[in-house]
Amino acid sequence: MAQNDYDAGRLNLPFVGISTFGKRPYVSNWSTIDADVAILGAPFDFGTQFRPGARFGPRAVREASTLFSFGHGGAYDHEDDATYLGSDVRIVDIGDADIVHTDTDKSHANIKQGVAAILKAGALPVTIGGDHSINIPCIDAFADQGDIHILQIDAHLDFVDVRHGVRNGHGNPMRRAAEKSYVTGLTQVGIRNVSSTAKEGYDDARKMGSDIISVRQMRKLGADEVINRIPKDARVYVTIDIDGFCPSIAPGTGTPSHGGFLYYEVLEMLQALANRYDVVGIDLVEVAPAYDQTDSTAILAAQVLLNFLGFIFHARDQ
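Structural notes, computed from the coordinates. (Residues numbered from 1 in each chain as written. Predicted model: local features only at pLDDT ≥ 70, side-chain atom pairs only at ≥ 80, totals over all residues. Heavy atoms only, no water.)

### A short note on the overall build of the protein chain
- The helix and strand tally for the protein chain stands at nine helices and 10 strands.
- A globule of 318 residues ought to have a C-alpha radius of gyration of about 20 Å, and the protein chain, at 18 Å, matches this closely.
- Seen along its three principal axes, the alpha-carbon backbone of the protein chain occupies a region of about 60 × 45 × 40 Å.
- Among the 318 residues that make up the protein chain, the fraction classed as buried is 56%.
- Pairs at least 24 residues apart make up 78% of the contacts formed inside the protein chain by residues separated by at least 6 positions.
- If you sum the accessible surface of the protein chain, you get close to 14200 Å²; carbon and sulfur atoms cover 49% of it.
- A distance of 5 Å separates the average location of the 28 positive side-chain charges in the protein chain from that of its 41 negative side-chain charges. (Helix = DSSP H or I, 4+ residues; strand = E, 2+ residues; numbered from the N terminus. Rg over C-alpha atoms; globule rule 2.2 N^0.38 Å. Buried < 20%, exposed > 50% of the residue type's maximum accessible area, 1.4 Å probe, protein only. Contact = heavy atoms within 4.5 Å. Areas by Shrake-Rupley, 256 points an atom, 1.4 Å probe, with all protein chains shown as cover. Lys, Arg positive; Asp, Glu negative; His and termini not counted. Charge placed at Lys NZ, Arg CZ, Asp CG, Glu CD.)

### Focus: the nonpolar core
- Val-238, Met-269, Leu-273, Ile-282, Phe-308 and Leu-309 are the most contacted members of the largest nonpolar core, which has 57 residues in total.
- At 12 residues, the largest contribution of residues to this core is made by helix H9 (residues 296-317).
- Beyond its immediate sequence surroundings of up to four residues, Ile-282 is in contact with Leu-124, Pro-125, Val-126, Thr-127, Tyr-237, Val-238, Leu-305, Phe-308, Leu-309 and Ile-312. (Core = buried A, V, L, I, M, F, W, Y, C linked by side-chain atoms within 4.5 Å.)

### Considerations on the layout of surface pockets
- In this structure, the largest pocket spans a volume of roughly 1100 Å³.
- Lining the largest pocket are 41 residues, with Phe-68, Gly-74, Ala-75, Tyr-84 and Leu-85 positioned closest to its centre.
- Of all elements in the fold, only strand S2 (75-77), strand S4 (91-96), helix H8 (263-276) and H9 reach the threshold of two or more residues within the lining of the largest pocket.
- Of the residues in the lining of the largest pocket, the class split is 17 nonpolar, 15 polar and nine charged. (1 Å grid on protein atoms, 1.4 Å probe; cavity = no way out; pocket = protein on both sides within 12 Å on 5 of 7 lines; lining within 4 Å. Points joined across faces, edges and corners; volume = space filled by probe spheres on them. Nonpolar A, V, L, I, M, F, W, Y, C, P; charged D, E, K, R; others polar.)

And the structure:
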């Protein structure tokens, strides 16, 4: 039976100590990563087109994640009759990529370097943004990792090609991903309402291998059927924009869009994915804590990531 740290050690309540992700060990030397999962912060928000502030997302999500770090030997879920993220799953926090203010190229290169270091160590990279442009260097880091399929949960298609010379803003990442030879397709779920991508972008997305599913379409299909649409045996990279959720539960984001998902709708898709596919990387973006005085957006982000990681490693053990 899993042991509880507080039985023999310090109580270590959520509001004390250093706010690494889940209070997991901090590794400052990226050449010495030895873990199953490594958390990287990407506090970059120069790609935003409306409200900034997602640069503070990694810090807020880390702090929120301490709520789920009471020292239990894993987290027991009575519905699944399973204990998730026990001591056998080694998670470390490697801090943040260096961000050079106003320099997108250098900042993105530093994010790519962090993800590449995690992959080199054989760990699962989990990157916390930042705006959605940080997905671009994350996917760049997979150039030597074999073919991947991308599952995007988002309100916006993010398939703009170039606008006023901008190729690497937060409206461009899925277009940049689709251009990669090793990205075999995209499943884009939650797309709704007036979009920052014009009709031509939707046409291009479908031509380049995208399966676009709105919130209402997902609800008709159900979580299992949505995940079943991903090609069999695909290795899946997951990018979660917090604005994929309804702003009634996730107001802390720069471009909120009403009519989004509720918590269990996303959780059920992620659990189905983890049970059927090899998840090779994750990013979660666009948490802008200044717009949410309750911190519920950051708590939601932390809870989604921890649950998703639990599903992934539980499935690997089956």
